[in-house]
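# Observations on the model geometry
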Amino acid sequence: MLRIAVLLAGLGAALLCADRQIASGDELLVNGGFEAGTTGWDAPYGELTTVSSPVHTGSASGRLAGDPPDQLVHQWVDVAPDQPYEFSGWILLDDPSIVKVFLRINWFDDEGSPISPVESPWLAGSNGSFRFVTTGPHVSPPQAHKARLNVWVQPSGPFQLYLDDFSFTGSPPPSPTATPTPFPTPTPTPTPSPEPSAAPTTTPAPPPPEPTTTPRPPEPAVFPSLVNGGFEEAREDGSPYGWHNVGGALSASQTLRAEGERSAALASDTASTKWVYETLSVQGEAYYRLQALALKNDPGVREVLLRISWYDTTDGSGSQIGTADSEPLADDSPRFVALDTGPVQAPSQARSARVRLLLRPVSPASAVAYFDDVRFGKADAPGREDADPPANRLASQDGGGAGDPEGVSLGAWAKGTTLANERPAPQPQPTPDGGGRLLWPLLLALGVPAAALATVAGHAWWIARLAERNGGNL
């Protein structure tokens, strides 16, 4: 029995080695052991730091801390199409607030458009030691030119976990072949020169100068006002400058857009909510308004909406202290539809905000939504002008637009209220004859003669009484 167990263990080890040889190749990941701090890695929503304990090997490991919903740590690498690759690493999951952790490779073509991803098996359950997780070897799609390597976390509450000794192996992308500069062939002289240092009769042309590029300043974590609301400016990896995503795959799309040359495409392939966000500085108690155009023409998308999340920190870190949402867009439309939070007041302690463009999928099936023309800034406090919501803006894919009475209704901010000092409008009083005619001419015509007769009669009575008292003599 012991001999059989040893044979089976040896066979399993041989198969594991054979599998790992399929994706053997160069190490393409930067700082997989976190020995150089967090260099090469990005945690767009959580907090990524390095610690000296616990570690799997070496002197450091990565520590990710955050809050729900999904969190991730990722790194971008260049890849070659149709080549085997494998993403793996060691994870210490000892926090019961974590539902599961897995690895994902998101492939992108040369235009930055996402291609179907691959994932590792889930890692779940608390354990006090590092455990190995791998996607196994996978051949990159024929169109793949870049890969985003994600450590994906699905928590149920505030959490922390540790990462170490990550690796992404495979074939490096082909280096561009430099075309050598042709040099003229020297013309030989009929008689050899007696001088060994004689120069050739033709001087080779110097190589062309290398193109110079102006280094771009680092992208700030917080902007004083919204940038790249039309998603026209893209990073080297194809994602929109200034914007980050939590869940899904974010890219700048030239296929469907409301204005300009690009829009933001947010792709989903899990059942969890995804969003795109930008962190901005705000002023407490001021009113702000978030607007954007959204295209929901994929039945795999349940709804899309806008959200402002307020923070009492200056960089959007920590727990949010309040939110304000637009009405969700749930109906499919062939055109971009305007979403609007309306004017909302920031909490008094707010110092920063994250504007979010959310996608809620129907299922884990692939789905995508598009956003364009995002606007965020200070607004006037809601008043009487907001009693009737404005007509929703709809824009065609080529930039045209038209009003649509059946568009998205705006939120409760647009519903009118009764003012305390509002006076009712005066109502017309009914006339005695039920009509609208004036009666004063008739009253005047009858009243004047009657008054004259009364005066004459009174005077005659007074004369008669006076004569009676004087014996008939006046």
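Above this note sits the structure.
What comes next is a walk through the structure. Values in this document were obtained by computation on a predicted structure and should not be read as measured data.

The next thing to look at is the overall build of the protein chain. A count of helices and strands for the protein chain gives 2 helices and 24 strands. For the protein chain, the residues scored as buried account for 40% of the 474 residues in total. Considering only residue pairs separated by 6 or more positions, the protein chain has 75% of its internal contacts joining residues 24 or more positions apart. Looking at the protein chain as shown, the accessible area adds up to about 26,000 Å², and 57% of this sits on carbon and sulfur atoms.

To continue, consider the environment of Ser97. Position of Ser97 among the secondary structure elements: in the loop between β5 (84-92) and β6 (98-108). On a C-alpha basis, the gap between Ser97 and Pro155 in space is 5.6 Å, while along the polypeptide they are 58 residues apart. Each residue touching Ser97, except ones within four places of it in the same chain, is listed here: Pro155, Ser156, Gly157, Pro158 and Phe159. Separated by 3.4 Å, the side chain of Ser97 and the backbone oxygen of Pro158 make a polar contact.

Before going further, it helps to examine the pairing of strand β4 (residues 71-78). Here β4 lies mainly inside the structure; 6 of its 8 residues are buried. Here β4 pairs with strand β10 (residues 146-155) via 8 bridges, running antiparallel. Bridging across to β10, His74 finds its partner in Asn150.

What follows covers the side chain of Ser268. Its location among the elements puts Ser268 in strand β14 (residues 263-268). Judged by its relative accessible area of 3%, Ser268 is buried. In terms of polar contacts, Ser268 uses its side chain to reach the side chain of Lys274, at 2.8 Å. Apart from the residues within four sequence positions on either side, Ser268 is in contact with Lys274, Leu359, Pro361, Ala365, Ser366 and Ala367.

Our next topic: the pattern of salt bridges. Inspection of the entire model under this criterion finds 9 salt bridges. Between Arg104 and Glu119 there is a salt bridge, and its shortest N-O distance comes to 2.5 Å. Remark: Glu119 occurs in strand β7 (residues 114-119) and Arg104 occurs in strand β6; sequence separation between them is 15 residues. Take Arg104: its relative accessible area is 0%, and that puts it in the buried class.

Note on placement: Glu86 falls in strand β5. There is a polar contact of 2.7 Å between the side chain of Glu86 and the side chain of Thr134.

Turning next to the sheet that holds β10. Strands pair in a sheet through their backbones, by hydrogen bonds, and they do so in one of two ways: parallel or antiparallel. One open sheet holds the 4 strands; their spatial order is β4-β10-β6-β7, and the pairing between them is antiparallel. Edge positions in the sheet fall to β4 and β7, since each has one partner strand and no second. Strand-to-strand twist of the sheet, defined as the mean angle between neighbouring strand axes without regard to direction, takes the value 20 degrees. Summarising the sheet, β6 and β10 pair through 10 bridges and their orientation is antiparallel. Counted as the bridge partner of Ile105 is Leu149 from β10.

As a further point, take the sheet that holds strand β12 (residues 244-246). Overall, antiparallel pairing links the 5 strands, which are arranged β12-β15-β21-β17-β18 in an open sheet. With partners counted over all chains shown, the strands left at the sheet margins are β12 and β18 (322-325), one partner each. For this sheet, the mean angle separating the axes of adjacent strands, direction not counted, is 30 degrees.

Once that is clear, we can look at the pairing of strand β17 (residues 301-311). Among the 11 residues in β17, 10 count as buried, and that is most of the element. Where β17 and strand β21 (residues 352-361) come together, 10 bridges link them in antiparallel fashion. Bridge pairing links Val301 to Pro361 in β21. Across 4 bridges, β17 lies against β18 in antiparallel orientation. Paired with Ser309 across the two strands is Thr323, which belongs to β18.

Turning our eyes to something else, we now look at the packing of aromatic side chains. The description of an aromatic ring pair uses the distance of the two centres, along with the angle that the planes make with each other. With the rule as written, the count across this model stands at 13 aromatic pairs. Look at Tyr85 and Trp107: their rings are 6.1 Å apart centre to centre, the planes differ by 55 degrees, and that puts the pair in the tilted class. Of this pair, Tyr85 sits in strand β5 while Trp107 sits in strand β6, and the two are 22 residues apart along the sequence. One exposure class covers both Tyr85 and Trp107, and it is buried. Considering the side-chain rings of Phe87 and Phe166, the 5.9 Å spacing of their centres and the 40 degrees angle between planes classify their relative orientation as tilted. Of this pair, Phe87 sits in strand β5 while Phe166 sits in strand β11 (residues 159-170), and the two are 79 residues apart along the sequence. One aromatic cluster in this structure is built from Phe34, Trp41, Tyr85, Phe87, Trp107, Phe166 and Phe168. When the ring centre of Tyr311 is taken as origin, the NZ or CZ atom of Arg354, which lies over that ring, is 5.9 Å away.

Scoring rules and cut-offs
The numbers attached to residues start from 1 for each chain and follow its sequence in the written order. This being a predicted model, a pLDDT of at least 70 is required before a residue's local features are given, and a value of 80 or more before pairs of side-chain atoms are given or counted; all residues contribute to the totals for chains, interfaces and linings. The basis for every side-chain value is the complete set of non-hydrogen atoms in the structure, without hydrogens or water. Each helix is a run of H or I in the DSSP string that is no shorter than four residues. Each strand is a run of E no shorter than two, and both are numbered from the N terminus. The cut-offs for exposure are 20% and 50% of the maximum accessible area for each residue type, with area from a 1.4 Å probe on protein chains only; residues under the lower value are buried, those over the upper are exposed, and the others partly exposed. Any two residues whose heavy atoms approach within 4.5 Å are treated as being in contact. Here the Shrake-Rupley method, with its probe set to 1.4 Å, supplies the accessible areas, and only the displayed protein chains count as covering residues. Polar contact is the term for a pair of N or O atoms within 3.5 Å; when the atoms are in protein, one must be able to donate a hydrogen and the other to accept it, and sequence-neighboring residues count only if both atoms are side-chain atoms. Pairing between two strands is assigned when DSSP locates at least 2 bridges connecting them. Any carboxyl oxygen of Asp or Glu that lies within 4 Å of a side-chain nitrogen of Lys or Arg is treated as forming a salt bridge with it. Angles shown run from 0 to 180 degrees and are taken between the N-to-C directions of axes, each axis being a line fitted to C-alpha atoms and, for helices, limited to the stretch in contact. A pair of Phe, Tyr and Trp rings is counted when the ring centres sit within 6.5 Å of each other, with Trp represented by its six-membered ring. The angle between the planes then sorts it: under 30 degrees is stacked, over 60 is edge-to-face, the rest tilted. Each ring is checked for a lysine NZ or an arginine CZ that lies within 6 Å of its centre and within 35 degrees of its normal; such an atom marks a charge sitting over the ring.

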